[in-house]
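# Working through the structure, step by step
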2 protein chains.
Amino acid sequence: MTLPHLTFARRVRATPFERRVLEAGGKGFTVYNHMTLPSYFESLEADYAHLCEYVQLWDVACERQVELKGPDALQLAELTTPRDLSIIEIGQGRYAPLVDSLGGLINDPIVLRIAEDRYWMSIADSDVLLWLKGLCAGRAFDCELFEPDVSPLAVQGPLADKVMDDVLGKDLRSLPFFGFIQTTLVNTPVLIARSGYSGQGGYEIYLQDSSKGEELWDLLMEAGQPHNIRAGCPNLIERIEAGLLSYGNDMTMENNPYEVGLDKFFKLDKKAEYLGRDALKRIERKGVSQKLVKLLVDTGGPMQMRSTSTLFTKNGDCCGYVTSLAHSTKYGAALALAFLYRPWLDQEDEFFVQSDDGQQFSAVLSDHNWQPIRAGA
Amino acid sequence: MTLPHLTFARRVRATPFERRVLEAGGKGFTVYNHMTLPSYFESLEADYAHLCEYVQLWDVACERQVELKGPDALQLAELTTPRDLSIIEIGQGRYAPLVDSLGGLINDPIVLRIAEDRYWMSIADSDVLLWLKGLCAGRAFDCELFEPDVSPLAVQGPLADKVMDDVLGKDLRSLPFFGFIQTTLVNTPVLIARSGYSGQGGYEIYLQDSSKGEELWDLLMEAGQPHNIRAGCPNLIERIEAGLLSYGNDMTMENNPYEVGLDKFFKLDKKAEYLGRDALKRIERKGVSQKLVKLLVDTGGPMQMRSTSTLFTKNGDCCGYVTSLAHSTKYGAALALAFLYRPWLDQEDEFFVQSDDGQQFSAVLSDHNWQPIRAGA
């Protein structure tokens, strides 16, 4: 079977960097927030090896912003999440799971406070703007809501600091994670945050004029030449190794924050009103029906999964399903994120994974550092 | 430059028919409502020729349903659109442009009344569920909202009736457009509507159990053998010829219904409350700043466009932009949908289109039957 092609159209929006991505050899793509996102250049494995040693430029323009602007901006934002957003100062950001009235996850953005009464939600792949528009209209809040012309470009990898030194002529190493500065590059306002969807460190440059995309790309590529910079993209192997969750893959609206360990980002008693309070209290009291766990899977080498790999106990009981999987040379196994149903939580540590084409692979439970553990240990 | 590959992941949801689509030679894909949608099999041109003569089976599972269920279902649905939904009887459907408080288009679903207090919105590509969840929470309506396990499979083409005769053993030719029956196929509840995203006629079968996808596919493929059925998909050439608009391509949240001619589906004076009333009245009074028109473009043969083809007058004034384009052998030109800015409406009938790689093509205004017209004629 040949690899499927992605057909472009206006509906699958082009990013300001897309032409450069194609020129740089972007081969695989996905669609995220109605926009293209590269998924690999040379190969997942070669891209991974380069990312962990040098520095890469990533077109992550698909991390769209939803702007909340006006006197009720904070009240509306607070309504969407159990996380306390009132403490965010201008120039800071916070990761905030958004939940609906049933406790289901709507998205997991970074909330950035840009100015007094002005916030950006830097979103994962769902139309948060529509949810906010509905809430705002329903409650008659005084708040403008729109997608501003903002396109993040990420500089990721161990040498990211050096590239930024050259580009900015100043040191950003003291910036806290999700903290940001506002400055100009290529004569255009940009916001530069210590952030990014990898465990390798780096920055995201929020370009505020999409017509300047190629100019910004070229500036960074040139500054990165001495550091062996390459075009890259969020890497499946690296993000699973780093334990980063992906909305739509490892959690959906069917999941609540407790199932995927996001409850560590909030307490239920924040002062402001929010939609999910009652539902989350109920879930906290009753416990979850499944939980995301980590597995080491013996696939014998790289393999690709579609979406329906099922998890079984050694006895053949269906006990969950895999949400993300990639083979890691570093750990000598495929690393998987998987939901394990409640009856088997803390009870089982050996499984097998059955892919949608019927192949079976043995798997063991692992800790957060991808080391095998015994159930209940 | 090689064609970009679409990378699969759980987030890009598999349809119940996807494996059959790949086996049948699906080559191009796009992503629609976070789900795969095939875009071509042999080629746009070969697929088109077959569709216009025989019958095709289309995986349009990505036309997701949003279910509204409960005492306030109608009131919530009414709030989202200027179209009067109170007149829909059980077993009927209506095309309904959804608009926000600013008059911007959120989506353009078919609204189906399934039962008393139970509606489906069969949606285009945006998260309508999130908008409805926001509105429902904001207004504290008593209405359940969710995406049911429903996957449409379309039978399209001039021989569609014959295939349905064989499958159902009864005649659906008297069913009005968007009317539907509820029955069972492959031992599973299905809703069969006279509907579909082509001008060739046909049906959409709403399968209500995704585990039965391949069984339903096989049933229809077998029934269609005598009629030269093939796997197909919505065809860019045919849908433009037929004048069907595509949300995300030919209209977005930045557009109002008047700009794209959807005002013919409603009057502003419906009794029920709806969000866009004030904004739409204002737009009706002041007129639009741009309007979607049809153009015949002299491309000299098939060509693909990314997303930024610009429209110029003969004098070189930028006067609009193209939203969809495909070459039609039938009309001997590329057919384009394009926004024309107000100062040039009814003033200009000759243009040139400049693609994002700098190529220029001459173009003339056309009527709804793709015949050249003079401005103001």
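Above this text you will find the structure in question.
We now turn to the structure provided with this report. (Residues numbered from 1 in each chain as written. Chains lettered and ligands numbered in written order. Predicted model: local features only at pLDDT ≥ 70, side-chain atom pairs only at ≥ 80, totals over all residues. Heavy atoms only, no water.)

### Considerations on the packing of helix α5 (residues 160–168) of chain A against helix α6 (residues 213–224) of chain A
Residues and elements named next belong to chain A.
- Contact geometry of α5 with α6 gives a least axis separation of 9 Å together with a crossing angle of 115 degrees. The handedness of the crossing between α5 and α6 is right-handed. Along its contact with α5, which presents Val163, Met164, Asp166 and Val167, the element α6 presents Leu219, Leu220, Ala223 and Gly224.
- For the contact of α5 with α6, the class distribution of residues is 6 nonpolar, 1 polar and 1 charged. (Axes fitted to C-alpha atoms, helices over the stretch in contact; angles between N-to-C directions. Helix = DSSP H or I, 4+ residues; strand = E, 2+ residues; numbered from the N terminus. Left-handed = near helix turned anticlockwise from the far one by under 90°. Contact = heavy atoms within 4.5 Å. Nonpolar A, V, L, I, M, F, W, Y, C, P; charged D, E, K, R; others polar.)

### Looking at the packing of aromatic side chains
Residue and element names in this part refer to chain A.
- Under the criterion given, the structure shown has 18 aromatic pairs over all chains.
- Aromatic side chains Phe8 and Phe29 sit 6.3 Å apart centroid to centroid with 85 degrees between the ring planes, which places their arrangement in the edge-to-face category. A residue pair is termed long-range when its members are at least 10 positions apart, and Phe8 in the loop between β1 (5–6) and α1 (18–23) and Phe29 in strand β2 (residues 28–32) qualify at 21 residues.
- Clustering of aromatic rings is evident, with ring pairs tying together Tyr321, Phe339 and Tyr341. (Phe/Tyr/Trp six-rings, centres within 6.5 Å; stacked < 30°, edge-to-face > 60°.)

### A few points about unusual backbone geometry
- For A:Asn187, which is not a glycine, the phi torsion comes out positive at approximately 55 degrees.
- Residue class for A:Asn187 comes out exposed when judged on its relative accessible area of 76%.
- The backbone of B:Asn33 shows a phi angle near 50 degrees, a positive value even though the residue is not glycine.
- Following the sequence through the fold, B:Asn33 ends up in the loop between β2 (28–32) and β3 (35–40). (Buried < 20%, exposed > 50% of the residue type's maximum accessible area, 1.4 Å probe, protein only.)

### What about the relation of the copies chain B and chain A?
- For the pair chain B and chain A, the relating rotation is 180 degrees, the translation along its axis is 0.0 Å, and the fit reaches an RMSD of 0.0 Å. Such values leave the two copies arranged in the relation of a two-fold axis.
- Mapped onto chain A, 100% of the interface residues of chain B again fall at the interface, so both copies present the same surface. (Least-squares fit on C-alpha atoms with pLDDT ≥ 70 in both.)

### Section: the interface of chain B and chain A
- Facing the 57 residues of chain B at the interface are 57 residues of chain A.
- Roughly 5,000 Å² is buried in total at the junction of chain B and chain A, and carbon and sulfur atoms are behind 55% of that figure.
- At the junction of chain B with chain A, the criterion picks out 4 salt bridges.
- Between A:Asp125 and B:Arg11 there is a salt bridge; the shortest N-O distance is 2.9 Å.
- Here chain B and chain A share 29 residue pairs in polar contact (both at pLDDT 80 or more) between them.
- When residues of the side of chain B that touches chain A are assigned to their parent elements, the largest contribution, 10 residues, is made by helix α4 (residues 128–139) of chain B.
- Classifying every residue of the side of chain B that touches chain A by side-chain character gives 26 nonpolar, 16 polar and 15 charged.
- Here β1(A) runs beside β2(B); their pairing, made up of 2 bridges, is parallel. When the sheet's bridge partners are listed, A:Leu6 is paired in β2(B) with B:Phe29. (Buried area = accessible area lost by both parts, 1.4 Å probe. Salt bridge = Lys/Arg side-chain N within 4 Å of Asp/Glu carboxyl O. Polar contact = N/O pair within 3.5 Å; in protein donor to acceptor, adjacent residues only side chain to side chain. Pairing = 2+ DSSP bridges.)

### So, the pattern of salt bridges
- Summed over all chains, the structure comprises 38 salt bridges over all chains.
- Between A:Glu214 and A:Arg19 there is a salt bridge whose closest N-O contact spans 3.1 Å. Taken as a pair, A:Glu214 in helix α6 and A:Arg19 in helix α1 lie far apart in primary sequence, 195 residues in all.
- A salt bridge links B:Glu350 to B:Arg374; its shortest N-O distance comes to 3.8 Å.

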